[in-house]
Amino acid sequence: MKIWDKITITGVAFYEPPAMCGSCPALIIGRNDARGFCSFFEKRKSRWDNTPKRCSELFVKGFAFGGDLVITIKDK
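Just so you know, the residues in each chain are numbered from 1, in the order the chain's sequence is written. Local features are withheld for residues below a pLDDT of 70 in this predicted model, meaning they are given only at 70 or higher, and side-chain atom pairs are given and counted only at 80 or more; totals for whole chains, interfaces and linings count all residues. For the side-chain quantities, the full set of heavy atoms in the structure was used; hydrogens and water were omitted.

Side note on the overall build of the chain
Alright, step 1. Runs of E in the DSSP output that reach at least two residues are strands. Runs of H or I that reach at least four are helices, and both are numbered from the N terminus. A tally of helices and strands in the chain yields one helix and six strands.
Alright, step 2. We compute the radius of gyration from the C-alpha atoms alone; for a globule the expected value is 2.2 Å times N to the 0.38, where N is the number of residues. Against the compact-globule benchmark of 11 Å for 76 residues, the chain has a radius of gyration of 13 Å, which places it among compact chains.
Alright, step 3. For the chain, the C-alpha atoms occupy an extent of roughly 40 × 35 × 20 Å along the three principal directions.
Alright, step 4. The buried share among the 76 residues of the chain stands at 28%.
Alright, step 5. Contacts are assigned to residue pairs that have any heavy atoms within 4.5 Å of one another. Put simply, of all contacts in the chain between residues at least 6 apart along the chain, 51% involve residues at least 24 apart.
Alright, step 6. Surface summary for the chain: the accessible area is close to 5800 Å², and the carbon and sulfur share equals 55%. Accessible area is worked out with a 1.4 Å probe on protein chains only. A residue is then buried under 20% of its type maximum, exposed over 50%, and partly exposed in between. Throughout, the Shrake-Rupley method with a 1.4 Å probe supplies accessible areas, and for residues the shown protein chains are the sole cover considered.

Laid out in structure tokens, this is it:
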């Protein structure tokens, strides 16, 4: 299995899994703000929060599959 150098998830490029929310390029945050908005899951997150389990699993699977991935919402 090849481990990919770069993946794209919903248009956001990743070169390695982020260690915390503040290092994730999907977090929209102001220069001096402590909290930001996660564009993947539409939630407010702190810059220093640990990466949630669903994000960690997403990155593990993403780097295993590689390429361009898209997050979809399941309708009930």
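Some remarks on the state of the cysteines
What we call a disulfide is simply a covalent bond connecting the sulfur atoms of a pair of cysteines.
Alright, step 1. Defined by distance alone, a disulfide is two cysteine sulfur atoms within 2.5 Å. Enumeration according to the criterion identifies zero disulfides in this entry.
Alright, step 2. Here C38 stays unpaired: no disulfide links it, and the sulfur of C55, its closest cysteine neighbor, is 5.5 Å away.
Alright, step 3. Taking the relative accessible area as the measure of exposure, C55 reaches 10% and is therefore buried.

Points about helix α1 (residues 53-65)
Alright, step 1. To estimate the expected span of a helix, subtract one from its residue number and multiply by 1.5 Å. Along its 13 residues, α1 runs 18 Å from first to last C-alpha, staying within 8% of the 18 Å computed at 1.5 Å per residue.
Alright, step 2. Tucked into the core, α1 has its buried residues touching β1 (7-9), β2 (12-14) and β6 (67-69).
Alright, step 3. After α1 finishes, the residue G66 shows a positive phi value of roughly 75°.

With respect to the sheet that holds β6
Alright, step 1. Spatially, the three strands line up as an open sheet ordered β2-β1-β6, and their pairing is mixed. In this open sheet, the two edge strands, each paired with only one partner strand, are β2 and β6. With direction set aside, neighbouring strand axes in the sheet form an average angle of 25°.
Alright, step 2. Bridge count for β1 against β6 is three bridges, and the pairing is parallel. Bridged to I9 within β6 is L69.
Alright, step 3. Along the sheet, α1 makes contact with β1, β2 and β6, crossing β1 at roughly 130°. Paired strands are those between which DSSP finds at least two bridges. Axis angles are defined between N-to-C directions and span 0 to 180 degrees, where every axis is a line fitted to C-alpha atoms and, for a helix, only to the segment in contact.

Notes on unusual backbone geometry
Alright, step 1. One non-glycine residue, T10, adopts positive backbone phi at about 50°.
Alright, step 2. Of note in this structure, E42 is not a glycine but carries a positive phi near 50°.
Alright, step 3. The class for E42 is exposed, based on a relative accessible area of 60%.

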